[in-house]
Amino acid sequence: MIGLRFGLMTLLLAVLALTGLPVAAQTPGAGPHIRMELIPETSRPAPGQEVTLAFASVPEEGWHGYWQNPGDAGIPTAASWTLPDGVTAGDLRFPVPERLMIAGIMNYVYEGPYALLATLRVPENAAPGMRLPVAVKLDYLVCTLEFCVPESAELATELTVGDGAVPGDRRARFDEWRAALPRPLGAQGSYQVNGDAFRLEIPYPADAEAEDPYFFPITDGAIDYSAPQMVARDGDRLVIETGARGAPGAIEGVLAIDEHRGFVLTAGPGNVAPAPAGAAAGGERPFAWQTALLAFLGAVLGGLILNIMPCVFPILSLKALSLAKANAGEGNPRREALAYAAGVILVCLVLGGVLLGLRAAGASAGWGFQLMDPRVILLLLLLVVAIALNLAGLFEVAAPGFVNRAATHGTGSSFATGALAAFVATPCTGPFMGAALGAALVLPWAAALAVFGGLGLGIALPFLLLGFVPALRRRLPKPGPWMGTLRRILSIPMFLTALALAWVLGRQAGVDGMTLGLSAALLAALALWWVGRRQQRGARRQWAPALPLLLLSLAAVAVVRPAPVEAEQALASGAEPFSEERLEELQREGRPVFAYFTADWCLTCKVNEKTVIETQGVRDALAAADVAVLVGDWTDGDPVLGRFIERHNRAGVPLYLWYAPGADEAHVLPQLLTQAMLRDLAARDAAS
Amino acid sequence: MTKWSWAAAAAVAVAGATVAAPAAEPEIGAAATNFRAYDMNGEVVELRDFRGKTVVLEWNNPGCPFVQKHYNSGNMQRTQRAATQQGAVWLTINSGAPGLQGHMNGEQAQAFVEGANAAPTHYLLDPNGVIGRGYDARTTPQMVIIDGEGRVRYNGAIDDKPTSNVADIEGARNHVVEALSEMRDGRPVSIAETRPYGCSVKYAS
């Protein structure tokens with residue numbers, strides 16, 4: 001994204017320079033270019049309490065402020081405080097920055113509104129009602145692409161020692177600002193310098209998301225800021241390679257995983273194995289036409305392969321048979337092939353368009369997104385069962401009049417077959433399509449649509465060939481009774497597809513959902529069987545009596561719902577989700593409580609859970625001592641949990657708290673648990 | 001189609017910028033890259049010609065507030081005179097591209113040097129950023145000291161107070177003055193590398 005914007009800016013400047021327009025003739029106007037406001041989270045902090053202050057900052061359009069490490073040029077913001085006796089201020093805390101490359105010089109900046117946070121500590125002996133005047137002078141740099149202006153802001157607020165109550169609206173704003181701060185990763189990285197190459201390894205679970213990872217160093221002098229960063233994911237580690245500057249000992253920095261989220265960590269020198277080739281993911285993604293072309297070709301190839309997948313092949317074979325018929329004199333093979341291709345490509349483009357629309361709307365969607373909804377799965381299941389029964393010869397599809405009229409030209413039915421093939425093919429887009437579609441998600445929309453179009457083209461390619469090359473068509477076997485046999489054989493992979501869809505449905509909607517889906521499929525099968533019987537007898541209005549049954553089975557589509565999430569994420573040993581209310585309740589009951597806080601991106605947490613907390617021995621010990629287990633999941637940075645964690649341990653997750661019966665204060669356990677530690681605690685508190 | 005050609009052109013521009021990316025930062029003790037440039041009087045100046053003398057490189061952009069801090073206070077001029085009086089050569093280099101802040105032609109540079117009462121041996125014009133990128137100069141001011149054998153002995157900021165506040169000059173450690181005095185005494189430069197501070201060099205994109 002940045003690369004693209006930079007490129008366009010470059011072009012714009014070049015054009016302006018050529019046309020002789022005065023690009024930089026204007027001078028920066030007077031007045032602050034960053035509007036800044038000092039806001040305390042509470043105006044009535046309690047004695048001994050910490051109060052967070054925010055510097056809510058809004059840069060003027062086209063201007064940017066700097067992160068704590070400004071990058072190749074620029075100055076970090078400095079604060080000088082004037083505080084009452086006994087009040088102390090902590091360091092400024094900065095939200096995850098953005099990258100801004102100007103003429104090969106890397107800047108770490110904020111181009112939109114942002115907030116720096118600082119924490120004041122009110123002394124224990126402060127008397128309620130005492131006034132605490134707080135004044136601060138911030139020196140910072142603010143720049144456009146051409147100018148820099150050092151500015152100062154003198155801000156003041158007055159706090160009164162009180163009860164520490166936080167107004168609700170203020171809490172919400174501060175929660176938002178806190179969410180933009182990088183969270184402590186809770187694990188150490190390591191780095192290695194080989195000449196000019198710098199390789200950093202960060203423990204990061206394989207299944208945790210990282211959209212566009214980038215390492216923002218806080219420590220200066222370690223890496224070349226303007227060098228591109230190559231990011232690879234290799235199991236439970238993230239490997240970043242970039243240019244080295246020096247080896248200053250431990251390096252502190254922020255690993256950003258997308259535009260707004262990141263983790264603070266430190267890395268010490270050590271041996272870092274390179275990531276295996278081909279593991280590259282995310283990181284620098286300069287848009288280039290080669291990328292788009294590669295993605296397009298990959299999509300065409302993928303579409304081609306899809307033709308032999310069990311869910312598509314039977315439909316295609318039917319079409320091939322009809323072309324073979326066309327060979328015998330009926331229809332127009334070229335037009336049929338084109339209509340089929342148009343149907344396939346159109347559906348692919350529509351699906352792609354919907355996906356891009358969702359992407360624009362900020363939804364996290366992937367290819368096959370329509371398959372995450374059990375209703376769509378059930379619809380597909382019914383469709384596939386119907387197709388399989390049709391192939392098996394249970395009933396025949398007599399298209400309505402208008403379709404028949406279109407089908408006499410061959411084009412209408414070909415178009416419909418194509419559309420059907422493309423829609424049904426989506427569950428089959430396996431890992432081999434991942435790369436091309438992943439690229440489509442990061443490419444500009446026009447290129448992304450081209451990739452989806454390429455996918456359709458790939459699916460349609462064999463038929464275009466058959467339609468346009470008579471020699472190929474002549475090699476197709478002559479129509480005959482063997483077609484009926486083949487058709488019945490082809491129903492087998494279709495039934496297998498139905499089986500796979502039923503499994504997916506079961507995963508998504510649980511046993512109840514799967515039963516509902518199979519019942520609907522059974523109902524539909526009975527209805528279609530009835531239709532088939534009537535067709536054999538040559539009855540009039542063959543479909544009429546079966547239609548209500550079919551509609552009833554379709555109604556199941558509206559009813560099926562995803563299984564409740566809790567059912568999937570079964571917690572260990574009867575654990576419950578953490579809440580402070582539940583904790584107090586359990587404490588009142590006099591039960592020992594083990595509360596642990598974890599997150600998907602926290603590798604130490606996962607290791608502790610797998611090797612200690614979720615082992616049978618520990619589970620038995622906890623159960624025997626009647627220990628209540630509370631789990632706080634901080635993956636999404638829930639601010640309520642965040643405040644609780646901050647009160648107990650500023651370093652974030654993992655956090656392990658043990659509340660002995662009757663004890664008010666938690667015993668904070670080390671971040672590396674052992675089974676013996678938990679068993680001993682359980683045994684002790686059970687005995688007491 | 002226009003959209004595509006724009007995107008393609010942008011991609012080419014990005015690729016071009018990457019290819020033209022600066023050479024590695026000059027390492028302390030490494031041989032300094034030779035260069036040749038016009039100075040503000042139209043004279044051709046070549047680094048190699050100063051073999052045997054200590055050379056100070058100063059990146060300049062008169063529009064940059066951090067440069068103004070050191071010129072308006074007279075600090076930069078004092079440092080220049082102290083260096084040249086010891087026999088050092090002082091090359092002030094302007095790598096700003098035409099149209100961007102701080103770019104000057106020869107006449108404008110003469111007016112600036114005269115107006116600021118500056119004392120560089122030469123004021124060099126580097127509108128294409130060749131010298132700047134060759135030395136990986138990133139900010140104005142940025143200072144590089146090359147010894148008589150043509151080796152880089154210092155690279156970084158002018159002093160240790162990275163602000164634009166004139167009041168901070170007093171009490172700051174002037175890295176250039178200290179390095180020159182250590183070199184004169186035949187001692188190693190104690191602080192040979194610092195983080196340069198100031199505005200980014202306004203290179204042509």
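Described below are features of the structure shown in this document. Remember, predicted model here, so these are calculated numbers, not experimental data.

Describing the overall build of chain B
Thinking step 1. Across its full length, chain B holds six helices and nine strands.
Thinking step 2. The buried share of chain B, reckoned over its 205 residues, is 54%.
Thinking step 3. For chain B, long-range pairs separated by at least 24 residues make up 74% of all intrachain contacts whose partners lie at least 6 apart in sequence.

Some remarks on the overall build of chain A
Thinking step 1. Of the regular secondary structure elements, chain A holds 19 helices and 23 strands.
Thinking step 2. Counting only carbon and sulfur atoms, one obtains 61% of the accessible surface of chain A, whose full area is about 31600 Å².

Description of the pairing of strand β17 (residues 251-256) of chain A
Residues and elements named next belong to chain A.
Thinking step 1. For β17, the tally of buried residues reaches five of six residues, placing the bulk of the element in the interior.
Thinking step 2. In the sheet, strand β14 (residues 214-217) pairs with β17 via four bridges, with the strands oriented antiparallel. Paired with Tyr214 across the strands is Ala256, a residue of β17.
Thinking step 3. As paired strands, β17 and strand β18 (residues 262-269) are joined by six bridges and run antiparallel to one another. Across the sheet, residue Leu255 finds its bridge partner in β18, namely Phe263.
Thinking step 4. Here β17 hands over to β18 after five residues, the two strands then running antiparallel side by side.

Some remarks on the pattern of salt bridges
All names here are of chain A.
Thinking step 1. For the coordinates displayed, the defined rule picks out 25 salt bridges over all chains.
Thinking step 2. Here Glu158 and Arg131 are joined by a salt bridge, their closest N and O atoms 2.7 Å apart. Highlighted residues: Glu158 in strand β10 (residues 148-160) and Arg131 in strand β9 (residues 131-143), separated in sequence by 27 residues.
Thinking step 3. Between Arg591 and Asp626 there is a salt bridge, with its nearest N and O atoms 3.3 Å apart. Of the two residues, Arg591 is situated in the loop between α15 (580-588) and β20 (593-598) and Asp626 in the loop between α17 (616-624) and β21 (628-633); the sequence distance between them amounts to 35 residues.
Thinking step 4. Each of Glu41, Arg171, Asp175, Arg178 and Arg643 takes part in one network of salt bridges that share partners.

Some points on a nonpolar patch on the surface
Thinking step 1. Residues Leu346, Val350, Val354 and Phe415 of chain A make up a contiguous nonpolar surface patch of roughly 330 Å² in combined accessible area.
Thinking step 2. Looking at which element gives the most residues to the nonpolar patch, the answer is helix α5 (residues 333-360) of chain A, with three residues.

Digging into the sheet that holds β21 of chain A
All names here are of chain A.
Thinking step 1. Strand order across the open sheet formed by five strands is β19-β21-β20-β22-β23, with mixed pairing between neighbours. Two strands bound the open sheet, and with one partner strand each, they are β19 (576-577) and β23 (667-669).
Thinking step 2. With six bridges joining them, β20 and β21 adopt parallel strand pairing. Looking at the pairing, Phe594 lines up with Val629 of β21.
Thinking step 3. Against the sheet, helix α16 (residues 603-613) makes contact with β20 and β22 (655-659), and its axis sits at roughly 140° relative to β20, the strand it touches most.
Thinking step 4. Across the sheet, helix α18 (residues 639-648) is in contact with β20, β21, β22 and β23; its angle to β22 comes to roughly 75°.

What about the sheet that holds strand β1 (residues 34-40) of chain A?
Within a sheet, adjacent strands bond to each other through the backbone by hydrogen bonds, running parallel or antiparallel.
Residues and elements named next belong to chain A.
Thinking step 1. Taken in spatial order, the four strands line up as β1-β2-β8-β5 in an open sheet, and their pairing is antiparallel. On the outer flanks of this sheet lie β1 and β5 (88-89), each paired with one strand and no other.
Thinking step 2. Pairing analysis gives two bridges linking β5 to strand β8 (residues 114-121), with the strands arranged antiparallel. Pairing of Thr88 across the sheet is with Arg121, part of β8.

Some details on helix α2 (residues 168-180) of chain A
Thinking step 1. The first and last C-alpha atoms of α2 of chain A sit 19 Å apart over 13 residues, in line with the 18 Å expected at 1.5 Å per residue.
Thinking step 2. Among all positions of α2 of chain A, only Phe174, Asp175, Trp177 and Arg178 of chain A are buried.

What about the packing of aromatic side chains?
All names here are of chain A.
Thinking step 1. For the structure on display, the rule yields 24 aromatic pairs over all chains.
Thinking step 2. Ring geometry for Tyr108 and Tyr225: centres 5.7 Å apart, planes at 75°, overall edge-to-face. You can see Tyr108 sitting in strand β7 (residues 105-110) and its partner Tyr225 sitting in the loop between β14 and β15 (230-234), a full 117 residues away along the chain. Like Tyr225, Tyr108 is buried.
Thinking step 3. Through a chain of ring-to-ring contacts, three or more aromatic side chains come together here, namely Trp67, Tyr108, Tyr214, Phe216 and Tyr225.

A few points about the pairing of strand β16 (residues 237-243) of chain A
Residues and elements named next belong to chain A.
Thinking step 1. Of all seven residues that make up β16, six are buried, and the element is covered over most of its length.
Thinking step 2. Both strand β13 (residues 197-203) and β16 contribute to a ladder of seven bridges, which runs antiparallel. Bridge assignment links Ile202 to a residue of β16, and that residue is Leu238.
Thinking step 3. When β15 meets β16, the two strands line up antiparallel, connected through five bridges. By the bridge assignment for β16, Met230 is matched with Glu241.
Thinking step 4. If you look at the hairpin formed by β15 and β16, you'll find two residues sitting between the two strands, and Gly235 has a positive phi there, around 60°.

Some words on the nonpolar core
Among soluble globular proteins, nonpolar side chains are generally buried collectively.
Thinking step 1. One finds Phe55, Tyr204, Phe594, Phe597 and Trp601 of chain A to be the most contacted residues of the largest nonpolar core, which totals 100 residues.
Thinking step 2. Here this core takes six residues from β9 of chain A, the largest share from any one element.
Thinking step 3. Ala83, Trp90, Ile145 and Val176 of chain B belong to the second-largest nonpolar core, a separate cluster that totals 39 residues.

Observations regarding unusual backbone geometry
Thinking step 1. Thr140 of chain B connects to Pro141 of chain B through a cis peptide bond whose omega is -5°.
Thinking step 2. As for its placement among the helices and strands, Pro141 of chain B is situated in the loop between β6 (139-140) and β7 (143-146).
Thinking step 3. The residue Asp626 of chain A is not glycine, and still its phi comes out positive at about 60°.
Thinking step 4. You can call Asp626 of chain A partly exposed: its relative accessible area is 42%.

A look at the state of the cysteines
Thinking step 1. All told, the structure shown has two disulfides over all chains when counted by the stated rule.
Thinking step 2. Here Cys143 of chain A connects covalently by a disulfide to Cys148 of chain A, the sulfurs 2.2 Å from one another. Between Cys143 of chain A and Cys148 of chain A the sulfur-sulfur dihedral comes to about 105°; the bridge is accordingly right-handed.
Thinking step 3. Judged by relative accessible area, Cys143 of chain A falls into the buried class, the value being 1%.
Thinking step 4. Judged by its relative accessible area of 6%, Cys148 of chain A falls in the buried class.
Thinking step 5. What pairs with Cys64 of chain B in a disulfide is Cys199 of chain B, and their sulfur atoms sit 2.2 Å apart. The sign of the S-S torsion, about 90°, decides the handedness of the disulfide formed by Cys64 of chain B and Cys199 of chain B: right-handed. Placement of the pair is Cys64 of chain B in the loop between β3 (55-59) and α2 (65-72) and Cys199 of chain B in strand β9 (residues 199-200), with a sequence separation of 135 residues. We note that Cys64 of chain B, like Cys199 of chain B, is buried.

Here we look at the side chain of Arg237 of chain A
Residues and elements named next belong to chain A.
Thinking step 1. Mapped onto the fold, Arg237 is located in strand β16.
Thinking step 2. By relative accessible area, which is 13% here, Arg237 ends up buried.
Thinking step 3. A polar side-chain atom of Arg237 sits 3.3 Å from the main-chain carbonyl oxygen of Pro274.
Thinking step 4. Not counting residues up to four positions away in its chain, the partners in contact with Arg237 are Glu201, Ile202, Pro203, Tyr204, Ala232, Val272, Ala273, Pro274 and Ala275.

A look at the packing of α2 of chain A against α18 of chain A
Residues and elements named next belong to chain A.
Thinking step 1. Two numbers describe how α2 lies on α18: the axes approach to 10 Å, and their chain directions differ by 80°. Between α2 and α18, the angle is such that the two are roughly perpendicular. Note on element contacts: α18 touches α2 through Pro639, Arg643 and Glu646, opposite Arg171, Asp175 and Arg178.
Thinking step 2. By residue class, the composition of the contact of α2 with α18 is one nonpolar, no polar and five charged.

Criteria and cut-off values
- Residues numbered from 1 in each chain as written.
- Chains lettered and ligands numbered in written order.
- Predicted model: local features only at pLDDT ≥ 70, side-chain atom pairs only at ≥ 80, totals over all residues.
- Heavy atoms only, no water.
- Helix = DSSP H or I, 4+ residues; strand = E, 2+ residues; numbered from the N terminus.
- Buried < 20%, exposed > 50% of the residue type's maximum accessible area, 1.4 Å probe, protein only.
- Contact = heavy atoms within 4.5 Å.
- Areas by Shrake-Rupley, 256 points an atom, 1.4 Å probe, with all protein chains shown as cover.
- Pairing = 2+ DSSP bridges.
- Salt bridge = Lys/Arg side-chain N within 4 Å of Asp/Glu carboxyl O.
- Patch = residues over 30% accessible without salt bridge, like charges linked within 9 Å, V, L, I, M, F, W, Y side chains within 5 Å.
- Axes fitted to C-alpha atoms, helices over the stretch in contact; angles between N-to-C directions.
- Expected span 1.5 Å × (residues − 1).
- Phe/Tyr/Trp six-rings, centres within 6.5 Å; stacked < 30°, edge-to-face > 60°.
- Core = buried A, V, L, I, M, F, W, Y, C linked by side-chain atoms within 4.5 Å.
- Disulfide = S-S within 2.5 Å.
- Polar contact = N/O pair within 3.5 Å; in protein donor to acceptor, adjacent residues only side chain to side chain.
- Parallel < 35°, antiparallel > 145°, perpendicular 65-115°, else oblique.
- Nonpolar A, V, L, I, M, F, W, Y, C, P; charged D, E, K, R; others polar.

Keep in mind that these numbers describe shape and distance, not what the molecule does.
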